[in-house]
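# Structure assessment
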Amino acid sequence: MDNNLNLNNNCLLKVENLAKFFGKTEVLRDISLEVHRGDVISIIGPSGSGKSTFLRCLNLLEEPTRGRLSFNGEPYFNISKCKDDFVDYESYTNALKNYEELLVETEDNLAIYQNKRIEDKSDKTLRNKIEVAKIEFKEVRKHPILKKDFFDKSSYEEAIKNNPSFVVNGKELNKLRSKVTMVFQSFNLFNNFNVLDNCIFAQTKVLHRSYDEAKSIAIKHLTAVNMQDRMNYKINELSGGQKQRVAIARALCMDPEVILFDEPTSALDPEMVNEVLEVIKNLASKGMTMIVVTHEMNFARNVSNKVIFMENGYIVEEGSPKDVFENPTKERTREFLHIK
Amino acid sequence: MFDFGRAWNLIADNYQLIIAGIVDTIILAVVGTLVGLILGIFLAYGKNIKFKETDKKIIKVLKGICKGICSIYSTVLRGTPMMVQALIFKYGCQALGVNWGDIRFPNALLDYINGWFIAGLIVITLNTAAYMGEIVRSGLNGVDVGQVEGARSLGMSSARTSLSIILPQALRNALPTIGNELIVNIKDSSVLNVIAVTELYYRMMNIASTTFAFLEAYLILALIYLVLTLIASGVLKLVERKLDGVKFSLNPFRWARKRESF
């Protein structure tokens, strides 16, 4: 019953107003996206535009600052207001500026008297003045301007009360991550296991499959990525392309509903890129839902059914690959794709 | 001058005592290193505790206490000589009413295992744990962050990740240093003679002072320590190779050859 509802709804992963700050820098600002079953979404954009962070926020490897994420209609992350929203930044920066000026002023004061004393040692009143200036300077340094003084706690708590924040954790988070799994640029295979054990281990521990069942599933997926004759190899004996294929097989073993690819081919040479892209294409043709951060424009054009161009934490342009690559509406997209 | 005849007589007359001393030293070093390693793993995790912003205040305080205890422990134990620690342990226990010398094990496998031996074992273990804490911590910090991310992205819990993925790799990376600690322990167990642990140095000192063949006794002693440490480093090398997947072989020419990668 529940499944049917979801199939009708068809929205597998829903992102609403996602934002992520690292301290003061805003990496993602207000991103909304709907991922349907069977979608292959390519995210393109210059380095540092927040593509990888966005992907890592989706399975909560990175915790977003605010936003709402839901999987299969069930929200797993919901924070509408963060603490930063209730900091009076204007008065904070003003106060900080004033404080710094005061600090420089008192320090200068102290320095002037000290210099005078070096020049003229006979003047005894200077000694007292130096003492006073020193105490003043220390007093100023003792009370720095803190962000929490400008934080409106009561209204923050009220806002939280009206709209309680919710972040999935513990076993449910692990379950979610096995459904929304990830393939990394640097492969991140377990170096202390061989190829086969890499694929088996998480299955037995997370999905509680028996060893034999997990092994047959692992062999099935390793064969699908054409790694069946290297199953007993150690990870450091494989080439980059082979490692990435094993990583994809390892992700597939968890029976994921969405696979997030974080620049899967960026660390590979051109030949290996093709062998990995071939595997991903195969997956796409089998109807696997995928979100791929990539710099391979041909791949984005030919395989995906939706392309997103991101810059500075915003989605600048999104649409079918035909629209984005041939008739981009935004000037910045044209510039990035070298379209005149 | 060194006299071969005297040296030979010394060995021939006292070989039972020397062997007993060697066994004692090996037990002290090996057990001290292994148990110290286990304690050191806990210590390393204790020192590696990270504070999260979302933690409650009580948890933060508990974490702080735990971390503080671990760092004080390793600072103090690494900053004082083991000989002094042994003496403090001995007299401290006496002040608390525990006299290790009174404890005897009548049915023990080796007749010279007594209370002092156990006390020495405790001292060397606690001392090694402090060093092992640092060694394991550097091993843990040396493991690529990607390994954690890879495991977490598959849905593994953080405890499972650190136990099954991170710790084995950390220990493998730290193995040369851990082995170094074993070699240090073989030699440093000699300072435990101050609390009357009957290890190799203690036995040889007694032999030397009864036979008056001091130079011979201590040269033989040095030779025995050298052989013990050489054996220890050889065993460690074998363990390392075994872990790296090279098949066990007694042919030293095969050890030098690397395994073909494909």
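Structural data are supplied above this passage.
Residues numbered from 1 in each chain as written. Chains lettered and ligands numbered in written order. Predicted model: local features only at pLDDT ≥ 70, side-chain atom pairs only at ≥ 80, totals over all residues. Heavy atoms only, no water.

### Notes on the overall build of chain B
Formally: In this description a helix means any DSSP run of H or I spanning at least four residues, a strand means any run of E spanning at least two, and both kinds are numbered starting from the N terminus. Only protein chains enter the area calculation, which uses a 1.4 Å probe; residues under 20% of their type maximum are buried, those over 50% are exposed, and those in between are partly exposed.
In terms of regular secondary structure, chain B is built from 9 helices and 0 strands. Counting from the amino terminus, chain B carries its helices and strands in the arrangement α-α-α-α-α-α-α-α-α. Principal-axis analysis of the C-alpha atoms places the extent of chain B at approximately 70 × 60 × 35 Å. The 262 residues of chain B split such that 41% are buried.

### Some details on the pattern of salt bridges
What counts, and what does not: Whenever a carboxyl oxygen of Asp or Glu lies within 4 Å of a side-chain nitrogen of Lys or Arg, that contact is scored as a salt bridge.
Counted according to the given criterion, the structure contains 15 salt bridges over all chains. Across the pair Arg332 of chain A and Glu311 of chain A runs a salt bridge, and its minimum N-O distance is 2.7 Å. With Arg332 of chain A in helix α13 (residues 331-337) and Glu311 of chain A in strand β10 (residues 306-311), this pair connects stretches of sequence that are 21 residues apart. We classify Arg332 of chain A as partly exposed; its relative accessible area is 25%. The residue Arg137 of chain B makes a salt bridge to Glu134 of chain B at a minimum N-O spacing of 3.4 Å. Of this pair, Arg137 of chain B and Glu134 of chain B both sit in helix α4 (residues 115-142), 3 residues apart, which is roughly one turn of the helix. If you follow the salt bridges from partner to partner, you end up with Arg56 and Glu62 of chain A together with Glu149 of chain B in one network.

### A short note on the interface of chain B and chain A
Put simply, the rule reads: In this description, contact between two residues means that some pair of their heavy atoms is separated by no more than 4.5 Å. Once two parts are joined, some of their accessible surface, as seen by a 1.4 Å probe, is lost; buried area is that loss totalled over both.
The interface is formed by 22 residues belonging to chain B together with 30 residues belonging to chain A. For the pairing of chain B and chain A, the buried interface totals around 2,000 Å² over both sides, and the portion due to carbon and sulfur atoms is 55%. Here chain B is connected to chain A by 1 salt bridge. The salt bridge involving Arg56 of chain A is made with Glu149 of chain B; its shortest N-O contact spans 2.8 Å.

### Let's talk about the packing of aromatic side chains
Residue and element names in this part refer to chain A. What counts here: Each Phe, Tyr or Trp ring (for Trp, its six-membered ring) is paired with any other whose centre lies within 6.5 Å, and the angle between the two planes then decides the class: stacked below 30 degrees, edge-to-face above 60, tilted in between.
Under the defined criterion, the tally for this structure stands at 9 aromatic pairs over all chains. Consider the rings of Phe190 and Phe193, whose centres lie 6.1 Å apart with planes at 80°: the pair is edge-to-face. Phe190 gets classed as buried once you look at its relative accessible area, which sits at 0%. When the ring of Phe309 is compared with that of Phe336, the centres are 4.9 Å apart and the planes differ by 40°; the resulting orientation is tilted. With Phe309 in strand β10 and Phe336 in helix α13, this pair connects stretches of sequence that are 27 residues apart. Phe309 gets classed as buried once you look at its relative accessible area, which sits at 0%. One aromatic cluster is present, built from ring pairs that chain together Phe86, Phe151 and Tyr156.

### Regarding the pairing of strand β1 (residues 11-22) of chain A
Residues and elements named next belong to chain A. Note the following rule: For two strands to count as paired, DSSP must find a minimum of two bridges between them.
Pairing of β1 with strand β2 (residues 25-36), which is carried by 8 bridges, proceeds in the antiparallel orientation. When the sheet's bridge partners are listed, Lys20 is paired in β2 with Leu28. The turn joining β1 and β2, which pair antiparallel and follow one another in sequence, is formed by 2 residues; a positive phi near 65° is taken by Gly23. Here 5 bridges tie β1 to strand β4 (residues 66-71), and the two strands are oriented antiparallel to one another. Bridge pairing in β4 links Lys14 to Ser70.

### A short note on the sheet that holds strand β8 (residues 258-262) of chain A
Residue and element names in this part refer to chain A. Quick reminder of the rule: Every axis corresponds to a line fitted to the C-alpha atoms, with the helix fit spanning only the stretch in contact, and the corresponding angles, defined between N-to-C directions, vary from 0 to 180 degrees.
An order of β7-β8-β9-β3-β10-β11 is seen for the 6 strands of this open sheet, with the pairing classed as mixed. Two strands bound the open sheet, and with one partner strand each, they are β7 (180-183) and β11 (314-319). Along the sheet, successive strands turn relative to each other by an average axial angle of 20°, direction set aside. Two strands pair when backbone bridges link them, and β10 and β11 are joined in this way by 5 bridges, in the antiparallel orientation. Directly across from Val307, in β11, lies its bridge partner Gly319. Of the strands in this sheet, β7 and β8 are in contact with helix α9 (residues 240-253), which crosses β7 at around 175°.

### Some details on a nonpolar patch on the surface
Rules: Here a patch means residues that are over 30% exposed by relative accessible area and free of salt bridges, tied together within 9 Å if like-charged and within 5 Å if nonpolar (Val, Leu, Ile, Met, Phe, Trp, Tyr). Residue exposure ignores everything except the shown protein chains as possible cover, and the areas themselves are Shrake-Rupley values with a 1.4 Å probe.
Taken together, the side chains of Leu223, Leu226, Val227, Leu230, Ile231, Val235, Val239 and Leu243 of chain B present a nonpolar region at the surface, about 720 Å² in accessible area. Its place among the elements puts Leu230 of chain B in helix α8 (residues 214-243).

### What to know about the sheet that holds strand β5 (residues 74-79) of chain A
Pairing between sheet strands relies on hydrogen bonds along the backbone, with the strands arranged either parallel or antiparallel. All names here are of chain A. Ordered in space as β2-β1-β4-β5-β6, the 5 strands form an open sheet in which the pairing is antiparallel. In this open sheet, the two edge strands, each paired with only one partner strand, are β2 and β6 (166-167). In this sheet, β5 lies alongside β4 in antiparallel orientation, the contact comprising 5 bridges. Looking at the pairing, Ser70 lines up with Pro75 of β5. Of the strands in this sheet, β1, β2, β4 and β5 touch helix α2 (residues 51-58), which is tilted by about 120° from β1.

### Points about the nonpolar core
This is how the line gets drawn: Nonpolar cores were defined as sets of buried Ala, Val, Leu, Ile, Met, Phe, Trp, Tyr and Cys residues, with membership established by side-chain atoms within 4.5 Å.
Among the nonpolar cores identified, the biggest contains 40 residues, and Leu222, Ile248, Phe261 and Met290 of chain A are the most heavily contacted of them. Of all the secondary structure elements, the ones that give two or more residues to this core are α7 (195-206), α8 (211-224), α9, β8, α10 (270-285), β9 (289-293) and α11 (297-303) of chain A.

### Points about the packing of helix α1 (residues 4-47) of chain B against helix α7 (residues 200-211) of chain B
All names here are of chain B. As a reminder of what qualifies: Roughly parallel refers to an angle under 35 degrees, roughly antiparallel to one over 145, roughly perpendicular to one between 65 and 115, and oblique to any angle outside these ranges. It is the rotation of the near helix from the far one that decides the hand of a crossing: anticlockwise by less than a right angle makes it left-handed, clockwise makes it right-handed. Ten residue types, Ala, Val, Leu, Ile, Met, Phe, Trp, Tyr, Cys and Pro, are classed as nonpolar, four, Asp, Glu, Lys and Arg, as charged, and the remainder, Gly among them, as polar.
Interaxial distance between α1 and α7 falls to 7 Å at its minimum, and their mutual angle equals 160°. Regarding the angle of α1 to α7, the classification is roughly antiparallel. Every pair of crossing elements has a handedness; the one defined by α1 and α7 is right-handed. Contact with α1, carried on its side by Leu10, Asn14, Leu17, Ile18, Ala20, Gly21, Ile22, Asp24 and Thr25, involves Leu200, Arg203, Met204, Ile207 and Thr211 of α7 and no other residues of that element. Residue composition of the contact of α1 with α7, by class: 8 nonpolar, 4 polar and 2 charged.

### Regarding the packing of helix α3 (residues 89-119) of chain A against helix α4 (residues 125-142) of chain A
Residue and element names in this part refer to chain A. At their nearest, the axes of α3 and α4 sit 9 Å apart, and the two run at 160° to each other. When the axes of α3 and α4 are compared, the pair comes out roughly antiparallel. For the crossing formed where α3 meets α4, the hand is left-handed. Of α4, the residues touching α3 (which contributes Tyr99, Leu102, Leu103, Thr106, Glu107, Asn109, Leu110, Tyr113, Gln114, Lys116 and Arg117) are Leu126, Arg127, Lys129, Ile130, Ala133, Lys134, Glu136, Phe137, Val140 and Arg141. Taken together, the residues that form the contact of α3 with α4 break down as 10 nonpolar, 3 polar and 8 charged.

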